[in-house]
Amino acid sequence: MTDFCKLVNMPENDKQGLSVVTCTAPVNIAVIKYWGKRDEDLILPINSSLSVTLHQDQLKTTTTVACSRNFQQDRIWLNGKEEDINNPRLQSCLQEIRRFSRKRRNTGDSTSDASSVSHKVHICSVNNFPTAAGLASSASGYACLVYTLSQLFGVESEQLSAVARQGSGSACRSLYGGFVQWKLGTQLDGKDSLAEQVESESYWPELRVLILVVSAEQKSVGSTSGMHTSVETSQLLKYRADVVVPSRMEEMIRVIRERDFPAFGELTMKDSNQFHAICLDTYPPIFYLNNMSHRIISLVHRYNQYYGETRVAYTFDAGPNAVIYTLQDHLPEFVQVVRHFFPPEVNGEEFVKGLTVCSADLSEELKRDINMEPTPKGIRYIISTKVKH
Amino acid sequence: MPENDKQGLSVVTCTAPVNIAVIKYWGKRDEDLILPINSSLSVTLHQDQLKTTTTVACSRNFQQDRIWLNGKEEDINNPRLQSCLQEIRRFSRKRRNTGDSTSDASSVSHKVHICSVNNFPTAAGLASSASGYACLVYTLSQLFGVESEQLSAVARQGSGSACRSLYGGFVQWKLGTQLDGKDSLAEQVESESYWPELRVLILVVSAEQKSVGSTSGMHTSVETSQLLKYRADVVVPSRMEEMIRVIRERDFPAFGELTMKDSNQFHAICLDTYPPIFYLNNMSHRIISLVHRYNQYYGETRVAYTFDAGPNAVIYTLQDHLPEFVQVVRHFFPPEVNGEEFVKGLTVCSADLSEELKRDINMEPTPKGIRYIISTKAGPGPCVVKDPNHHLLGADGLPKKSAISH
């Protein structure tokens, strides 16, 4: 797999029989949402989904895996803290990777150290973005883990989708750059429920992404249990999965290929809203969007209405943070609009992190037409990024 | 019978109730006739706590139709108003032509003066168009002698849910199949005395910015929500059957759960609309959360919420649970210390809350999050006010000074 960052080509091997590999993996943000499983063990979804992979310069997980005959047991450290290796999802990934590796070895394909699969591993993983940012790090985390293990044990990249998926559903989409779809699949064993690239990151270079990190609020319902409750209780969800999403997937792929931003933006917003509608149709209802999210949504619609076209689009996952898609031409003005209606702390941290955004002036007419009360400190900071691997 | 005096002035005064839907109406299949895409079911509230009072005066001396709402003269040319007036007059003429009339044969061609007041503030955000149009139509029918069976269609054309306010107790508005809407009518499912233990609380939330109006909101939903058609065609029909069944069985836990689910689904459709519509605000979310935690503490559905196109909550419960739940609301939404009366309407006994319950609910109190509560119950349909002192219009056909409410 050439899209991915590998910091070494082959595991280093030294006198102690220690092999070490370090890799990085990206975050992805869905524009057609995954919410609901048809199989909880294999993590098979009820509908296909499609995401945009974000640039690793701004957001990434870095994972080092070391393997040695001297290690007593598997161990894992996440963001500096040792975690429980017996987490079922972690175990799933480790077992699956080892299984694929043994299969490879048994067919005589192996170029790696034949004994490493039975050795224990030490795993250390860090994100370059704060957990408090509420950005789902399980996708990048599991993608990175699985990819790094595959480098260590010599597993073919085609099989990684299924392994990553069993760690965290959306992790399989982080195995590719650019625009990625996770196909629902039809087989009960999930062998055809895989991610594949729709278009590469260089396909639409004008596309830009902003992450609006909203002030921290109380803990929400976790995704795994939330989507389970939705499947159990929402009568609208089955209809979404069976009827709405299949046609939206086709449309999304088409508008990306045509680089049709207004259509891409509108469809992205509609699918975000429908996901949150399903959460509201769940019993008990789940509220991920808060007052600040509503204001951001309002701002986007008024901004687009002012120009009479969809220039900016929002999408929200299972939390209040907004991910904004726009084209680079509109970026400076829209960032200034956000700054104006969500004025940051005066001597606080840097408001716009990541890629540099040029300054821009706002016309009085635009401000007047948007007609919203500013919400000071409603947004903690913005991460400016783009599509990449 | 309309009073008739030497000036040929006929006056009738009636009152009509508010209704709160438990299976929601949201979306029309015909904008002119106001035909819905799905059936709906509501509970009619008691007029002692909430009602519209309307006086209609009719005289050969009046130059034109005029209307006063809550003390202010409004535009009589509002299309919905015109719809009601024309329809009632049409039915009345038809009756007269078939020789059934017992009313003054000439009154239908006379102009009317209409004066209407609510005994609840508009700021309370309670949809007054249902009670308002129901009252108007009922009063006009009394004046012109129109049969009550035809009123559903007329009220519906003023405001869809108004037809449900023509009956007491538990009322359904049937979707109908005909294109002309003649079978899209309201009918009583059970009377208000069927389930005497059922109680209703209206939690009036602090006033916020204006929301999207119902008429345009539901129109946008029909145009843009892909989930709405499925709701209307598949989900609601089976929910209507279930709701009728659980009401007849007086099964509160099932009634409550279904009510909450339908409220949530209505708001889900609003979110699936483009641009999305948010009627529930932060306070609404907290009330929803409180209800779920309260029910979870007891392991059963004792209290249920429903929200219309605004942030106010309507709570359904049984009279046994009323004192404690009102105390729970008071505890988690502590009112202004020297403010207005917090609980209006029917008296609610006081109750103590156990520390265990408060701890288990585990929510931060939100001071002044709820302005006040109206405690009420199911009630009857519209009725005529016999006492002439209660007419809102004077002998001159103009609003009496006292006809300005709240």
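Now for a description of the structure that goes with this document. (Residues numbered from 1 in each chain as written. Chains lettered and ligands numbered in written order. Predicted model: local features only at pLDDT ≥ 70, side-chain atom pairs only at ≥ 80, totals over all residues. Heavy atoms only, no water.)

**Notes on the overall build of chain B**
In plain terms, the rule: Numbering of helices and strands runs from the N terminus, with a helix taken as a DSSP run of H or I at least four residues long and a strand as a DSSP run of E at least two residues long. Computation of the radius of gyration draws on C-alpha atoms, with the globule rule given as 2.2 Å multiplied by the number of residues to the power 0.38. Burial status follows relative accessibility: with a 1.4 Å probe on protein chains alone, a residue under 20% of its type maximum counts as buried, one over 50% as exposed, and anything between as partly exposed.
Helix and strand counts for chain B come out as nine helices and 18 strands. Compactness check: chain B gives a C-alpha radius of gyration of 22 Å against a globular reference of 22 Å for 406 residues, within 12% of the reference. Across its three principal axes, chain B shows a C-alpha extent of roughly 70 × 50 × 40 Å. Considering chain B as a whole, with its 406 residues, one finds that 57% of them fall into the buried category.

**So, the packing of helix H7 (residues 291–307) of chain A against helix H8 (residues 331–341) of chain A**
Residue and element names in this part refer to chain A. How we decide: Axis geometry follows a simple rule: fit a line to the C-alpha atoms, using only the stretch in contact for helices, then measure angles between N-to-C directions, giving values from 0 to 180 degrees. Working definition: roughly parallel below 35 degrees, roughly antiparallel above 145 degrees, roughly perpendicular at 65 to 115 degrees, and oblique for all remaining angles. We call a crossing left-handed when the near helix sits turned anticlockwise from the far one by less than a right angle, and right-handed when that turn is clockwise. Working rule for contacts: check all heavy atoms of both residues, and any pair within 4.5 Å makes them a contact. Classes in brief: Ala, Val, Leu, Ile, Met, Phe, Trp, Tyr, Cys and Pro nonpolar; Asp, Glu, Lys and Arg charged; the others, Gly included, polar.
The N-to-C vectors of H7 and H8 enclose an angle of 130°; their axes lie 12 Å apart at closest approach. If you check the angle between H7 and H8, you find them oblique. H8 is crossed by H7, and the crossing has right-handed handedness. Counting all contacts with H7, which are made through Leu299, Val300, Tyr303 and Tyr307, the residues of H8 involved are Glu333, Phe334, Val337, Val338 and Phe341. Residues that form the contact of H7 with H8 fall into these classes: eight nonpolar, no polar and one charged.

**Regarding helix H2 (residues 138–153) of chain A**
Each α-helix winds once per 3.6 residues, and so residues spaced three or four apart point in a common direction. All names here are of chain A. For the record, the criterion: Expected span, for any helix, means 1.5 Å times one less than how many residues it has.
For H2, which comprises 16 residues, the first-to-last C-alpha distance of 22 Å matches the rise-based estimate of 22 Å (1.5 Å per residue) to within 8%. The element H2 is largely enclosed, with a buried count of 15 among its 16 residues. At the exit of H2 stands Gly154, carrying a positive phi of roughly 70°.

**Notes on the environment of Ile315 of chain B**
Residues and elements named next belong to chain B. Relative to the elements of secondary structure, Ile315 occurs in strand E15 (residues 313–318). Ile315 sits 83 residues away from Leu398 along the chain, and the two C-alpha atoms are 39 Å apart. Contacts of Ile315, omitting those with residues within four sequence positions, involve Arg199, Val200, Leu201, Leu203, Ile287, Val291, Val303, Ala304, Tyr305 and Phe325.

**So, the pattern of salt bridges**
Rules: For salt bridges, the criterion is a side-chain nitrogen of Lys or Arg within 4 Å of an Asp or Glu carboxyl oxygen.
All told, the structure shown has 32 salt bridges over all chains when counted by the stated rule. One salt bridge in this structure joins Arg257 of chain A and Glu199 of chain A, with 2.9 Å as the shortest N-O distance. Of this pair, Arg257 of chain A sits in helix H5 (residues 235–257) while Glu199 of chain A sits in strand E13 (residues 195–199), and the two are 58 residues apart along the sequence. Among the residues examined, Arg257 of chain A registers a relative accessible area of 41% and is labelled partly exposed. When the shortest N-O distance is used, the salt bridge between Arg90 of chain B and Glu87 of chain B registers 2.8 Å. Of the two residues, Arg90 of chain B and Glu87 of chain B are both situated in helix H1 (residues 79–97); the distance of three residues between them amounts to about one turn of the helix. Of the residues examined, Glu87 of chain B reaches a relative accessible area of 15% and is grouped as buried. Via salt bridges that share partners, Arg240, Arg248 and Asp271 of chain A belong to a single interconnected network.

**Focus: the interface of chain A and chain B**
Selection rule: When two parts are brought into contact, each loses some accessible area as probed by a 1.4 Å sphere; the total of that loss over both is the buried area. Think of a polar contact as two N or O atoms within 3.5 Å of one another; within protein, one of them needs to be a possible hydrogen donor and the other a possible acceptor, and neighboring residues in sequence only count if both atoms come from side chains.
On the side of chain B, 27 residues touch chain A, which itself brings 27 residues to the contact. Here chain A and chain B share an interface that buries about 2500 Å² over both sides, 69% of which is from carbon and sulfur atoms. Where chain A touches chain B, the interface holds zero salt bridges. At the boundary of chain A and chain B, one finds four residue pairs in polar contact (both at pLDDT 80 or more). Of all the secondary structure elements, the ones that give two or more residues to the side of chain A that touches chain B are H5, helix H6 (261–280) and H7 of chain A.

**A word on the pairing of strand E14 (residues 207–214) of chain A**
All names here are of chain A. Rules: Two strands make a pair as long as DSSP finds a minimum of two bridges between them.
With eight of eight residues buried, E14 is to be regarded as a mostly interior element. In E14, alternate side chains face the same way, and those of Leu207, Val209, Ile211 and Val213 on one face and Arg208, Leu210, Leu212 and Val214 on the other are all buried. Bridge count for E14 against strand E16 (residues 322–327) is six bridges, and the pairing is antiparallel. Counterpart to Leu210 in the pairing with E16 is Ile324. By the bridge criterion, seven bridges tie E14 to strand E18 (residues 379–386) in an arrangement that is antiparallel. Its bridge partner lying in E18, Val209 is registered against Thr385.

**Considerations on the sheet that holds strand E14 (residues 303–307) of chain B**
Residue and element names in this part refer to chain B. Taken in spatial order, the five strands line up as E14-E15-E13-E17-E16 in an open sheet, and their pairing is mixed. For this open sheet the edge positions go to E14 and strand E16 (343–345), each flanked by a neighbour on one side alone. Neighbour to neighbour, the strand axes of the sheet diverge by 25° on average, direction disregarded. Two elements, E14 and E15, share five bridges in a ladder whose sense is antiparallel. Bridge pairing links Ala304 to Tyr316 in E15. In the packing of helix H6 (residues 252–271) onto the sheet, the strands contacted are strand E13 (198–205), E14 and E15, and the crossing angle to E14 comes to about 25°. Where helix H8 (residues 322–332) meets the sheet, it contacts E13, E14, E15, E16 and strand E17 (370–377), and its direction lies at approximately 10° from that of E13.

**Observations concerning the pairing of E17 of chain B**
Residue and element names in this part refer to chain B. Stated precisely, the cut-off is as follows: When the strands point away from the viewer and the path from the first strand over the helix to the second turns clockwise, the crossover is right-handed.
Counting buried positions along E17 gives six out of eight residues, so the element sits mostly inside the fold. Direction of pairing for E13 relative to E17: antiparallel, over a ladder of seven bridges. Across the sheet, the residue bridging to Val204 is Tyr372, located in E17. One ladder, built from three bridges, connects E16 with E17; its direction is parallel. Among the inter-strand pairings, Val343 is bridged to a residue of E17, identified as Ile373. Note on the crossover from E16 through helix H9 (residues 355–361) to E17: the handedness is left-handed.

**Thoughts on the packing of aromatic side chains**
Selection rule: The rule is short: rings of Phe, Tyr and Trp, with Trp giving its six-membered ring, pair when the centres are within 6.5 Å, and they are stacked under 30 degrees, edge-to-face over 60, tilted in between. Put simply, a charge is over a ring when the Lys NZ or the Arg CZ is close to the ring centre, within 6 Å, and near the line of the ring normal, within 35 degrees.
Under the definition given, this model contains 27 aromatic pairs over all chains. Each ring, one from Tyr305 of chain B and one from Phe307 of chain B, has its centre 5.9 Å from the other, and the planes form 55°; the classification is tilted. The pair Tyr305 of chain B / Phe307 of chain B is uniform in exposure class, with both members buried. An aromatic cluster is present here, built from Phe179, Trp204, Phe261, Phe264 and Tyr325 of chain A joined pairwise through their rings. The ring of Tyr307 of chain A carries the charged tip of Arg311 of chain A above its face, separated from the ring centre by 3.7 Å.

**Thoughts on empty space enclosed by the protein**
Rules: Points on a 1 Å grid, built from protein atoms alone, make a cavity when a 1.4 Å probe fits but cannot get out and make a pocket when they are open with protein on both sides within 12 Å along at least 5 of 7 lines; residues with an atom within 4 Å of a point are the lining residues. Grid points are joined across faces, edges and corners, and a volume is the space filled by probe spheres set on the points.
Summed over all chains, the structure comprises three cavities of 30 Å³ or more. Approximately 140 Å³ is the volume attributed to the largest cavity. Considering the residues around the largest cavity, the lining is formed by 14 residues, among which Leu280 and His294 of chain A together with Leu271, Phe278 and His285 of chain B are closest to the centre. For the lining of the largest cavity, the elements supplying multiple residues, two or more each, are H6 of chain A together with H6 of chain B. A per-class count over the lining of the largest cavity returns 10 nonpolar, four polar and no charged.

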